[in-house]
Amino acid sequence: MLNSKQRSYLSGLASTLQPTVMIGKEGLSEGVVRAVEAELQNRELVKLRFIASKEDRRALSEHIAEALGAELVRVIGNVAIFYKQSDDPEKKSINLPL
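Residues numbered from 1 in each chain as written. Predicted model: local features only at pLDDT ≥ 70, side-chain atom pairs only at ≥ 80, totals over all residues. Heavy atoms only, no water.

Peer 1: What's the story with the side chain of S11 in this structure? I'm lost.
Peer 2: Counting through the fold element by element, S11 comes out in helix α1 (residues 4–14). Overall, S11 belongs to the buried group, its relative accessible area being 13%. Polar contacts involving the side chain of S11 include one to the side chain of R74, which spans 2.9 Å. If we ignore the near neighbours within four places in the chain, the residues touching S11 are V73 and R74. (Helix = DSSP H or I, 4+ residues; strand = E, 2+ residues; numbered from the N terminus. Buried < 20%, exposed > 50% of the residue type's maximum accessible area, 1.4 Å probe, protein only. Polar contact = N/O pair within 3.5 Å; in protein donor to acceptor, adjacent residues only side chain to side chain. Contact = heavy atoms within 4.5 Å.)

Here it is, written out as structure tokens:
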């Protein structure tokens, strides 16, 4: 569970990132969940943009985070930010403040 200081830190890091996964008119699919999972394994911090399904963005984001064991950092506008610490020490690039 992230505290407010950690969420703020991760939001700041994510501000420079471009969204790498998008949810379109097809809505949430297994392919989207797999894409978020692959991005989390590579980068630890992922931005997802909602092109459609905007009214359900909070619920969809919570579902993705729960399915992947990731943290939903924040949902701002049509963007959701996810964090999952890498198990591989070589890929671990984010050190969270206490």
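Peer 1: Sorry if this is basic, but what is going on with helix α3 (residues 57–68) here?
Peer 2: One turn of the α-helix equals 3.6 residues, which is why residues spaced by three or four share an orientation. Over its 12 residues, α3 extends 17 Å from the first C-alpha to the last, a length consistent with the 16 Å expected when each residue adds 1.5 Å. Considered for burial, the residues of α3 that qualify are L60, S61, I64, A65 and L68. Along α3, the residues classed as buried sweep out an arc of 135° about the axis, all on the same side. Facing away from the buried side of α3 by over 90 degrees, the exposed positions are A59, E66 and A67. Contacts made by the buried residues of α3 are with β1 (21–23), α2 (30–43), β2 (45–50), β3 (71–76) and β4 (79–83). (Expected span 1.5 Å × (residues − 1). Arc of directions from axis to C-beta.)

Peer 1: Please explain the nonpolar core as it appears in this structure.
Peer 2: Where a protein is soluble and globular, its nonpolar side chains tend to be buried together. Membership of the largest hydrophobic core comes to 17 residues, with the highest contact counts inside it found for V36, L40, L48, I64, L68 and F82. Counting only elements with at least two residues in this core, the list comes to β1, α2, β2, α3 and β4. Not counting residues up to four positions away in its chain, the partners in contact with L68 are V33, V36, E37, L40 and K84. Membership of the second largest hydrophobic core comes to 9 residues, among which are L10, L45, V79 and I81. (Core = buried A, V, L, I, M, F, W, Y, C linked by side-chain atoms within 4.5 Å.)

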